[in-house]
Amino acid sequence: VRAATGDSLRADAHPELRADAVLCHPPFNERNWGHDELAYDPRWEYGFPARTESELAWVQHALARLRDGGTAVLLMPPAAASRRSGRRIRADLLRRGALRAVVALPVGAAPPYNIPLHLWVLRRPDKAPAQPEVLLADAGQFATEGRGGPDWQSVRDTVLDAWQAYDRAGTLPERPGLARSVPVIELLDDDVDFAPARHLPPPTAADGAEQLTDVRARLGRTLRLTADLTPPPVRSAPPARWPLTTVGELARGGALVLRTGGNGGHARVPVLTDHDVLAGTAPSGNLPESEEEAVLTEPGDVVVPVLGGGAVARVIDDATEGAALGRNLVLLRPDPAALDPWFLAGFLRGTANNRQASSYASTATRLDVRRLQLPRLPLDEQRRYGARFRALDEFERALRHASRLGDQLVRGMYDGLTDGTVTPG
């Protein structure tokens, strides 16, 4: 391996390199990429990129470093496939046979995790294709809510199977909702828009109806579970007069360990963010690689967001252990011989408790976790409260899951009715 640190666009360290393959994850939406200094650079074979089209500069940089017939794969923002400022370069990539495929990845495949990024597959032309077609594939349906990101096995199977068939034959019959090869002439209109979703046929009616039936069945099961988990009727009682302690006192006494989220760690470890804690979802963040040791979660830890003013605490379970603690989070690791984690998390969620431990800046509310209070109770009594708090947590999770399934069913019904794959009857 020969590596060089620097600015690859402004000061290319390997100007004579002609590689078999190039892999690139360029910076997105970078205005200061060298537009003014590089106007006459020989790499712009397909046109001089606009200041707002830094990604198309990286595309041409990658192509310039390939031997004839070599392949480049770039991770791209979806807007690069349709922005008007880049349509001339996109058109020339198509005309000359440099662009071979665009694959829409599922949401959550790579940072930024909230948008479905694209993969562009390019080849440095050694000859013009006789019947140029471009493969468009969409793996968006394989996004999942669980830890670990999308259903990668399904993504691999779908995309590689389509690519290999297309690469052998130069064409691919329609695979509804998944992939097709499109003649270049169809894409060379005023927009030169090759976002896969705009050119793929919808899934077949049978598949759509089968998926909706499955969602409806899962929603029914979840609603029945929600009914089973609904808390029993409450009995009124006078306010309790427990002796109280604070998180700070418990930390000083060794009953728990208090850690705060950092700004770095190992890039391959998923990060539990404050949004994940608030939404009850799997770890979804990432931190830059650094020498700072990340705080990793363990089962029984209690994680509390410190910004936003919400009364939220989350107990780490086997499904979420091992994630790095993100910024604006505090982790409490109770000694199981002294504190029940569900008892701890439940009392930390009290509205009055949060109000007395919060301070207010001009634009935000910040929670001082050390000032949060909880009663001094024997461990057996803690566990009684902890069992009730845990049941409430399961009820809350079921409600959230039912809400997501309901949204999915409603959206699928709207789509099916409007595209004709579902009949009103």
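Everything that follows concerns the structure shown earlier in this document.
Note that this is a predicted model, so its numbers are computed, not measured.

Brief notes about the overall build of the chain
Along the backbone of the chain there are 10 helices and 16 strands. If you line up the chain on its principal axes, its C-alpha atoms span 85 × 60 × 40 Å. By the burial criterion, 42% of the 425 residues in the chain qualify as buried.

So, the sheet that holds strand 10 (residues 302–305)
Read across the sheet, 4 strands follow the order 8-13-10-11 without closing on themselves; strand pairing throughout is antiparallel. One side of each edge strand has no neighbouring strand; the edge strands of this open sheet are strand 8 (256–260) and strand 11 (314–315). Where strand 10 lies against strand 11, 2 bridges are found, and the strand directions are antiparallel. In the strand pairing of strand 11, V302 is matched with V315. This element, helix 8 (residues 341–348), spans strand 8, strand 10, strand 11 and strand 13 (329–334) of the sheet and lies at about 15° to strand 10.

A few points about the nonpolar core
Counting residues in each nonpolar core, the largest one holds 37 residues, and the members touching the most others are V59, L74, L93, L99, W120, L122 and F194. For this core, the elements supplying multiple residues, two or more each, are strand 1 (19–24), helix 1 (54–64), strand 2 (66–76), helix 2 (87–95), strand 3 (99–104), strand 4 (118–123), strand 5 (133–138) and helix 4 (184–187). Broken down by element, the residue count for this core peaks at 6 residues, all from helix 1. Beyond its immediate stretch of four places on either side in the chain, L93 contacts Y46, V59, L63, A98, L99, W120 and L122.

Here's the deal with the pairing of strand 4
Where strand 2 and strand 4 come together, 6 bridges link them in antiparallel fashion. Looking at strand 4, one finds that M76 is bridged to H118. In this structure, strand 3 lies alongside strand 4, joined through 5 bridges in antiparallel fashion. Within the sheet, the bridge partner assigned to A104 lies in strand 4 and is H118.

Quick look at unusual backbone geometry
Cis rather than trans, the peptide bond between P111 and P112 has omega equal to -5°. Phi at N29 takes a positive value of approximately 55°, unusual for a residue other than glycine. By relative accessible area, N29 is classed as exposed at 56%. Backbone geometry at N328 places phi at a positive 65°, although glycine is not the residue there. For N328, the position within the fold is in the loop between strand 12 (324–325) and strand 13. Overall, the relative accessible area of 32% leaves N328 in the partly exposed class.

Points about the pairing of strand 2
As judged from the 5 bridges shared by strand 1 and strand 2, these two strands associate in the parallel manner. The residue of strand 2 that forms the bridge with V22 is A72. Once you follow strand 1 into helix 1 and on to strand 2, the crossover reads as right-handed.

Side note on the sheet that holds strand 1
Across the sheet, which stays open at both edges, the 6 strands sit in the order 1-2-4-3-5-6 with mixed pairing between neighbours. Across the chains shown, the open sheet's two edge strands, defined by having one partner strand only, are strand 1 and strand 6 (179–183). On average, each strand axis in the sheet is inclined to that of its neighbour by 15°, with strand direction left out of account. Its contacts with the sheet place helix 2 against strand 3, strand 4 and strand 5, and it is angled at close to 50° to strand 4. Running at roughly 170° to strand 5, helix 3 (residues 152–169) makes contact with strand 3, strand 4, strand 5 and strand 6 of the sheet.

Observations regarding the packing of aromatic side chains
The geometry of an aromatic ring pair comes down to the distance between the two centres and the angle between the two planes. Taken as a whole and assessed by the stated rule, the structure comprises 10 aromatic pairs. Here F347 and Y385 contribute two aromatic rings whose centre-to-centre distance is 5.6 Å and whose plane-to-plane angle is 55°, an arrangement assigned as tilted. Taken together, the residues F347 in helix 8 and Y385 in helix 10 (residues 379–419) connect sequence positions 38 residues apart. With relative accessibility at 15%, the residue F347 sits in the buried group. For Y385, a relative accessible area of 28% gives the class partly exposed. Taken together through their ring pairs, the aromatic side chains of W242, F343, F347, Y385 and F389 make up a single cluster. Above the plane of the ring of W44 lies R43, whose end atom (NZ or CZ) is 5.5 Å from the centre.

Quick notes on the packing of helix 8 against helix 10
Closest axis-to-axis distance for the helix 8/helix 10 pair is 7 Å, and the angle between their directions is 65°. Relative to helix 10, the element helix 8 lies roughly perpendicular. Considering the relative orientation of helix 8 and helix 10, their crossing is left-handed. From helix 8, W342, F343, G346 and F347 reach across to helix 10, where they touch Q382, Y385, G386, F389, R390 and D393. Of the residues that constitute the contact of helix 8 with helix 10, the class distribution is 5 nonpolar, 3 polar and 2 charged.

Conventions adopted
Residues numbered from 1 in each chain as written. Predicted model: local features only at pLDDT ≥ 70, side-chain atom pairs only at ≥ 80, totals over all residues. Heavy atoms only, no water. Helix = DSSP H or I, 4+ residues; strand = E, 2+ residues; numbered from the N terminus. Buried < 20%, exposed > 50% of the residue type's maximum accessible area, 1.4 Å probe, protein only. Pairing = 2+ DSSP bridges. Contact = heavy atoms within 4.5 Å. Axes fitted to C-alpha atoms, helices over the stretch in contact; angles between N-to-C directions. Core = buried A, V, L, I, M, F, W, Y, C linked by side-chain atoms within 4.5 Å. Right-handed = clockwise from strand over helix to strand, strands pointing away. Phe/Tyr/Trp six-rings, centres within 6.5 Å; stacked < 30°, edge-to-face > 60°. Lys NZ or Arg CZ within 6 Å of the ring centre and 35° of its normal. Parallel < 35°, antiparallel > 145°, perpendicular 65-115°, else oblique. Left-handed = near helix turned anticlockwise from the far one by under 90°. Nonpolar A, V, L, I, M, F, W, Y, C, P; charged D, E, K, R; others polar.

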